[in-house]
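Chain by chain, the residues:
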Amino acid sequence: MIRRPPRSTLDRSSAASDVYKRQQLDGFEMFYECHGTGPAVVFAHGAGGTHLSWWQQIPFFSEHFQCVTFDHRGFGRSRDVGDKPGQRAFVQDLLNLLDHLDIQKAALVGQAMGGWTALGFASSFPERVTALVMCDSPGGYTNSEVDRLMAARSEDREAFAKSFSEQEPELAFLYEGIRRSTVDRTSDDWSNLRRGLFSAPVDASRVIENEIPTLFVVGEEDSIFPPERIEAVHRDIPGSELAIIPDAGHSVYFERPKVFNRLVKEFLKRYVSSVR
């Protein structure tokens, strides 16, 4: 059975929402949504998702924060344009969106590919970031140990823990439907995206220098970015925190939403002011 938030929760969120927004940002039309009021939190989806991926987070977090979701360039309703810079423009796209919304500082929550956006933005504009949550993602940070661990990972890679699709077939079906909602991506686009992400390491030195509070969340059964790799990145960022979630794979936010939501909220409460 597909879990849905109570209707009253959705109604309260939508009362303070700007939904289905498209905005021209430097010649590119980005789709985004805003829900709730309070300190800003931006949710950046992964390569298997769109803004809809956060359907189990927004009703919860919008009770405490101004939540911003968006479709990355080339995903969902945000079409890539021109010479199709794709992931090379993700950080600038996010900067343009925050400027448009007049958000001076925000916490960033990045899932997998979205972690590249979050860590890349925090590295480029640390003064604009209150906290950083890296979900099943190294964010493009690497070193010799991380490279070694990536080379040793299994060829059997899935978005979920092995038992998830069998135990939660409706949710697995919904996840696949969200993934397929990006209809204009070709197999070449996916190959170029993977090459582009892994060929563009992110320098986290400014995150470290500015002591941006950082939380890494990873599923114990993540086969795409295994916990050992995330732990190696965590060790290189002094003061960062690490949570390894049992019974979850590469999509903790989707597989264990109540655990994820509670963990992230408690983290943000310590570092983001005026959290209700």
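For the structure itself, look to the data block above.
Conventions adopted
- Residues numbered from 1 in each chain as written.
- Predicted model: local features only at pLDDT ≥ 70, side-chain atom pairs only at ≥ 80, totals over all residues.
- Heavy atoms only, no water.
- Helix = DSSP H or I, 4+ residues; strand = E, 2+ residues; numbered from the N terminus.
- Buried < 20%, exposed > 50% of the residue type's maximum accessible area, 1.4 Å probe, protein only.
- Contact = heavy atoms within 4.5 Å.
- Areas by Shrake-Rupley, 256 points an atom, 1.4 Å probe, with all protein chains shown as cover.
- Polar contact = N/O pair within 3.5 Å; in protein donor to acceptor, adjacent residues only side chain to side chain.
- Salt bridge = Lys/Arg side-chain N within 4 Å of Asp/Glu carboxyl O.
- 1 Å grid on protein atoms, 1.4 Å probe; cavity = no way out; pocket = protein on both sides within 12 Å on 5 of 7 lines; lining within 4 Å.
- Points joined across faces, edges and corners; volume = space filled by probe spheres on them.
- Disulfide = S-S within 2.5 Å.
- Axes fitted to C-alpha atoms, helices over the stretch in contact; angles between N-to-C directions.
- Parallel < 35°, antiparallel > 145°, perpendicular 65-115°, else oblique.
- Nonpolar A, V, L, I, M, F, W, Y, C, P; charged D, E, K, R; others polar.
- Left-handed = near helix turned anticlockwise from the far one by under 90°.
- Expected span 1.5 Å × (residues − 1).
- Phe/Tyr/Trp six-rings, centres within 6.5 Å; stacked < 30°, edge-to-face > 60°.

(A) How the structure looks around the overall build of the protein. Of regular secondary structure, the protein possesses twelve helices and eight strands. Across the 276 residues of the protein, 55% fall into the buried class. Counted over contacts in the protein with a minimum sequence separation of 6, partners at least 24 positions apart contribute 76%. Total accessible area on the protein is roughly 12700 Å²; 48% of this is exposed by carbon and sulfur atoms.

(B) Just the side chain of Ser251, in detail. Structurally, Ser251 can be placed in the loop between strand 8 (241-245) and helix 11 (252-255). Given the relative accessible area of 0%, Ser251 is considered buried. Of note is the side chain of Ser251, whose polar atom sits 2.9 Å from the backbone oxygen of Ala159. Excluding residues within four positions of it along the chain, Ser251 makes contact with Gln111, Asp136, Ala159, Phe160 and Tyr175.

(C) Examining the pattern of salt bridges more closely. Applying the stated rule across the entire model yields nine salt bridges. One salt bridge connects Glu176 with Arg180, and the closest N-O pair in it is separated by 2.9 Å. On the criterion of helical spacing, the pair formed by Glu176 and Arg180 is a turn pair, its members being four residues apart in helix 7 (residues 169-180). Residue Glu176 is classed as partly exposed on the basis of its relative accessible area, which comes to 26%. Arg180 gets classed as exposed once you look at its relative accessible area, which sits at 56%. Beyond isolated ion pairs, a larger network of salt bridges with shared partners links Arg73, Asp80 and Asp93.

(D) Layout of empty space enclosed by the protein. Taken as a whole and assessed by the stated rule, the structure comprises one cavity of 30 Å³ or more. Estimated volume of the largest cavity: approximately 30 Å³. Lining the largest cavity are Val42, Ala44, Leu94, Leu108, Val109, Gly110, Gly114, Thr117 and Ala118. Of all the secondary structure elements, the ones that give two or more residues to the lining of the largest cavity are strand 3 (40-44), strand 5 (106-111) and helix 4 (113-124).

(E) Fine view of the state of the cysteines. Scanning all chains against the criterion turns up zero disulfides. Cys34 carries a free sulfur, and the closest cysteine sulfur to it, the one in Cys67, is 9.3 Å from it.

(F) Spatial organisation of the packing of helix 5 (residues 144-151) against helix 10 (residues 227-236). At a minimum axis distance of 9 Å, the contact between helix 5 and helix 10 shows a crossing angle of 175°. Relative to helix 10, helix 5 is oriented roughly antiparallel. Of the residues in helix 10, those touching helix 5 at Glu145, Val146, Leu149 and Met150 are Glu228, Arg229, Ala232, Val233 and Arg235. The residue makeup of the contact of helix 5 with helix 10, split by class, is five nonpolar, no polar and four charged.

(G) Region of interest: the packing of helix 3 (residues 90-100) against helix 4. Contact geometry of helix 3 with helix 4 gives a least axis separation of 9 Å together with a crossing angle of 70°. With respect to helix 4, the axis of helix 3 lies roughly perpendicular. Seen along the crossing, helix 3 lies across helix 4 with a hand that is right-handed. In contact with Phe90, Val91, Leu94, Leu95 and Leu98 of helix 3, helix 4 contributes Met113, Thr117, Gly120, Phe121 and Ser124. When the residues that make up the contact of helix 3 with helix 4 are grouped by side-chain class, the tally is seven nonpolar, three polar and no charged.

(H) Up close: helix 7. Across its twelve residues, helix 7 extends 16 Å between first and last C-alpha, which sits within 8% of the 16 Å expected from 1.5 Å per residue. On its buried face, helix 7 is in contact with helix 6 (164-167) and helix 11.

(I) How the structure looks around the packing of aromatic side chains. Using the criterion set out here, one finds 14 aromatic pairs in the structure. Plain terms: the ring middles of Trp55 and Phe254 are 6.2 Å apart, the flat faces sit at 75° to each other, and that makes the pair edge-to-face. With a gap of 199 residues between them, Trp55 in the loop between strand 3 and helix 2 (58-61) and Phe254 in helix 11 connect regions that are remote in the sequence. Considering the side-chain rings of Phe160 and Tyr175, the 4.8 Å spacing of their centres and the 70° angle between planes classify their relative orientation as edge-to-face. A residue pair is termed long-range when its members are at least 10 positions apart, and Phe160 in the loop between helix 5 and helix 6 and Tyr175 in helix 7 qualify at 15 residues. Pairwise contacts between aromatic rings join Phe43, Trp54, Trp55, Phe60, Phe61, Phe65, Phe160, Phe164, Tyr175, Tyr253 and Phe254 into one cluster.

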